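# Coordinates in review
Listed below, chain by chain, are the residues.
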Amino acid sequence: GVPVLLHIIFFRSVVSPPSSNFLLLGPSGAGKTAFTTLLEAKSSPASKTSHSTHTSQTSTLVSVSLPPTVPTASNRFRSVNDPSLKEAARNPIRYRLRDTPGHGKLRVSQGLSELQSMSQSKDVKMKLRGVLFMVDTAALVDETTLRDAATYLHDVLLVLQKRALGKGKSSTKRDTEIPVLVAGNKQDLFTALPPGSVREKLEAEIDRIRKSKTKGLMDASMDSEVDGEEEVLGDDDAQGVFSFKLLEEVGIKVDVIGGAVKGDQEEEIGSGVRRWEEWIGMCL
Ligand code: GDP
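Residues numbered from 1 in each chain as written. Predicted model: local features only at pLDDT ≥ 70, side-chain atom pairs only at ≥ 80, totals over all residues. Heavy atoms only, no water.

Attention now moves to the overall build of the protein chain. Each helix and strand in the protein chain was counted, giving 7 helices and 6 strands. The N-to-C order of helical and strand elements in the protein chain reads α-β-α-β-α-β-α-β-α-β-α-β-α. Burial statistics for the protein chain: of 284 residues in total, 44% are counted as buried. Excluding contacts between residues fewer than 6 apart, the proportion of contacts in the protein chain whose partners are at least 24 apart in sequence is 78%. When the accessible area of the protein chain is evaluated, it comes to approximately 14900 Å², of which 57% is carbon and sulfur surface. (Helix = DSSP H or I, 4+ residues; strand = E, 2+ residues; numbered from the N terminus. Buried < 20%, exposed > 50% of the residue type's maximum accessible area, 1.4 Å probe, protein only. Contact = heavy atoms within 4.5 Å. Areas by Shrake-Rupley, 256 points an atom, 1.4 Å probe, with all protein chains shown as cover.)

Listed below in structure tokens is the structure:
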């Protein structure tokens, strides 16, 4: 009814912190829409709006709330008996998640341009707190799917690396880092790869992409001056093997955490989305 609606409007405008934006990226079929829909449903059980079919060509920005029991970076030492928990239940911490639409190539290009503009934005309201890159962990055994996902992730990380290196040159003050969560979805499926091997597979594939890119750049620099430094992910000499750890040197932290959008309500197989929400909480 009207009071509920008013309540929601009031709540959103008052409680919503202005600068807690997260970007949800990843290949088609990973479960991004399902995840967004679940978070919306968990945030406002009263509302009947369903976004299960995002067919629009523009990205959707949803405002959702963190479960009160999920700690944030600022309140992580709170105990379960803390009265502020009750307060948190009444005033949940909200954040905004931008899901990127489209299909195939369009999805990738839109996701990357969204990342470009959000990560470079000087507007406080647009400030990006973190990137969630979702993958289907049951699909990564397929080589083409793995290559697709790794290529997309490589490009995402390269955008963030360029941003990090660019900022370092122009000013001494370090810009806030944008951490990346590789959300390994569909852990409920018994064919799913465990997060550890998802990490290894992605790292190995990115290593391959990086090596072929380095070779391309070296060939190109024969005839022209090409500054490959910012173009190659991780160490500028791509001799060593790529790992997400390499990126920590430029301030990009990558975590790989498993979960399942499907298993969230049942608390059975998979670990639901709780651990991703905890990751989000640590960015707030
Ligand atoms: P998107 O293209 O990334 O937005 O992916 P969707 O949200 O459309 O999900 C693709 C398919 O995966 C849908 O059929 C979902 O029902 C399914 N799906 C999403 N999450 C899970 C999960 O955790 N486990 C399983 N088994 N299926 C899932």
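Let us look at the confidence of the model for the protein chain. Scored by pLDDT, the protein chain has a mean of 79; 68% of the residues are at 70 or more. Element-level pLDDT for the protein chain is lowest in helix α1 (residues 2–15), with a mean of 57, against a maximum mean of 98 in strand β5 (residues 180–185). (pLDDT = per-residue confidence, 0-100.)

Around the ligand lies a shell of 16 residues, among which Gly-29, Lys-32, Thr-33, Ala-34 and Asp-188 are the nearest. Here Lys-32 contributes a side-chain N or O atom positioned 2.8 Å from an oxygen atom of the ligand. Contacts to the ligand include Val-261, whose backbone N or O atom sits 2.9 Å from an oxygen atom. In isolation the ligand exposes 580 Å². Once the protein is present, 74% of that is buried. Among the elements that take part in the shell around the ligand, helix α2 (residues 32–43) stands out by supplying 3 residues, more than any other. Residues of the shell around the ligand, tallied by class, amount to 6 nonpolar, 5 polar and 5 charged. (Near = heavy atom within 4 Å. Polar contact = N/O pair within 3.5 Å; in protein donor to acceptor, adjacent residues only side chain to side chain. Nonpolar A, V, L, I, M, F, W, Y, C, P; charged D, E, K, R; others polar.)

In this structure, Leu-115, Leu-157, Leu-202 and Phe-244 are the most contacted members of the largest nonpolar core, which totals 37 residues. Looking at this core, the elements that each hand over two or more residues are β1 (21–25), α4 (104–120), β4 (128–136), α5 (143–170), β5, α6 (195–220) and β6 (254–258). It is α5 that contributes the most residues to this core, 10 residues altogether. Within the second largest apolar cluster, 24 residues are counted, among which are Leu-66, Tyr-95, Ala-183 and Trp-276. (Core = buried A, V, L, I, M, F, W, Y, C linked by side-chain atoms within 4.5 Å.)

Okay, the sheet that holds β4 next. One open sheet holds the 6 strands; their spatial order is β2-β3-β1-β4-β5-β6, and the pairing between them is mixed. The outermost strands of the open sheet, each flanked by one partner alone, are β2 (60–65) and β6. Between one strand axis and the next, the sheet turns through 25° on average, direction left out of account. Bridge count for β1 against β4 is 5 bridges, and the pairing is parallel. The partner of Leu-23 across the bridge, within β4, is Val-131. Across the sheet, α2 lies against β1, β2, β3 (94–99) and β4, angled at about 155° from β3, the strand it touches most. (Pairing = 2+ DSSP bridges. Axes fitted to C-alpha atoms, helices over the stretch in contact; angles between N-to-C directions.)

Further remarks concern the environment of Gly-31. Summarising the element assignment, Gly-31 is placed in the loop between β1 and α2. On a C-alpha basis, the gap between Gly-31 and Val-135 in space is 7.7 Å, while along the polypeptide they are 104 residues apart. Sequence-distant contacts of Gly-31, that is, excluding residues within four places in its chain, are made with Met-134, Asn-185 and Val-261.

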